[in-house]
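In case you want the letters, here they are:
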Amino acid sequence: MKVKDVMHKGVDWVSPDTPITEIAKLMQGHDIGCIPIGEDDQLIGMVTDRDIVCKGLASKSFNARMTARDVMTEGIHCCREEDDLAKAIHHMETLKIRRLPVINKSKRMVGMISLGDVGQFATADVLSQCVKSVSAHH
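In this text, all values refer to a predicted model and were calculated from it rather than measured experimentally.

Chemist: What is the right way to look at the overall build of the chain in this model?
Modeler: Scanning the chain from terminus to terminus reveals six helices and seven strands. Listed by position from the N terminus, the elements making up the chain come as β-α-β-β-α-α-β-β-α-β-β-α-α. Over its C-alpha atoms the chain spans a radius of gyration of 15 Å, differing by no more than 12% from the 14 Å that the globule rule assigns to 138 residues. Of all 138 residues assigned to the chain, the portion counted as buried reaches 39%. The contacts in the chain between residues at least 6 apart in sequence include a share of 59% that link residues at least 24 apart. As presented, the chain carries roughly 8400 Å² of accessible surface, and 50% of it is formed by carbon and sulfur atoms.

Listed below in structure tokens is the structure:
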């Protein structure tokens, strides 16, 4: 099975200058837990709901004007839409990440694959191993 058969399609990103309050509203409205961050037509990071809470709300430097740049995890790991699902799962396990942007041959983001997507299509054994690996404490 290919990543393109499993991923959520049509994912967008926001600017690093986007307020975290706006990002939180986007997450709530779309029922998602992360938003990719892009600048100059390239992905540069990711903001998760956990980033907003731990690096934003719970930080000593919290203020209402915080932006994606203040809380994002820099750098992007991704997979290609033509990759085998097993390769993407292995990538998620190795990096201990729950979500992975998907790019096409032109290096354009075309979707996102998450643990939930894996759960819908992978075997029980593969899913169990993936959840154990991704959820292991650092």
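Chemist: Is there a simple way to think about helix H4 (residues 85-95) in this case?
Modeler: Given 3.6 residues per turn, any residue in an α-helix points the same way as the ones three and four places further on. Of the positions making up H4, those classed as buried are Leu-85, Ala-88, Ile-89, Met-92 and Glu-93. Viewed along the axis of H4, the buried residues span an arc of 140°, placing them on a single side of the element. Turned more than 90 degrees away from the buried face of H4, the exposed residues are Ala-86, Lys-87, His-90 and Thr-94. Of the surrounding secondary structure, the elements contacted by the buried residues of H4 are strand E5 (79-80), strand E6 (99-103), strand E7 (109-114), helix H5 (115-121) and helix H6 (124-135). The positive-phi residue at the C-terminal boundary of H4 is Lys-96, with phi of around 55°.

Chemist: In this structure, what is going on with the nonpolar core? I would like to understand it.
Modeler: Inside soluble globular proteins, nonpolar side chains tend to come together where they are buried. By size, the foremost hydrophobic cluster in this structure holds 16 residues, and its most contacted members are Val-3, Cys-79, Met-92 and Ile-113. Of all the secondary-structure elements, those providing two or more residues to this core are H4, E6, H5 and H6. Per-element tally for this core: the top contributor is H4, with four residues. With residues near it in sequence (within four places) discarded, Met-92 still touches Ile-97, Arg-98, Arg-99, Leu-100, Ile-113, Ser-114, Leu-115, Val-118 and Val-134. Formed by 12 residues, the second largest nonpolar core is a distinct cluster that contains Val-14, Ile-20, Ile-52 and Ala-68.

Chemist: I tried to follow the UniProt feature "domain: CBS" (unreviewed entry) in the chain on my own but got confused; where do I start?
Modeler: With numbering matched to this structure, UniProt assigns "domain: CBS" (unreviewed entry) to residues 7-65 and 72-128. In the segment residues 7-65, helix accounts for 34% and strand for 25%; the C-alpha atoms at its two ends are 33 Å apart. Annotated as residues 72-128, this span is 40% helix and 26% strand, and its ends, taken at the C-alpha atoms, are 28 Å apart.

Rules used in this analysis
- Residues numbered from 1 in each chain as written.
- Predicted model: local features only at pLDDT ≥ 70, side-chain atom pairs only at ≥ 80, totals over all residues.
- Heavy atoms only, no water.
- Helix = DSSP H or I, 4+ residues; strand = E, 2+ residues; numbered from the N terminus.
- Rg over C-alpha atoms; globule rule 2.2 N^0.38 Å.
- Buried < 20%, exposed > 50% of the residue type's maximum accessible area, 1.4 Å probe, protein only.
- Contact = heavy atoms within 4.5 Å.
- Areas by Shrake-Rupley, 256 points an atom, 1.4 Å probe, with all protein chains shown as cover.
- Arc of directions from axis to C-beta.
- Core = buried A, V, L, I, M, F, W, Y, C linked by side-chain atoms within 4.5 Å.
- UniProt positions renumbered as here; feature names shortened; annotations may be inferred.

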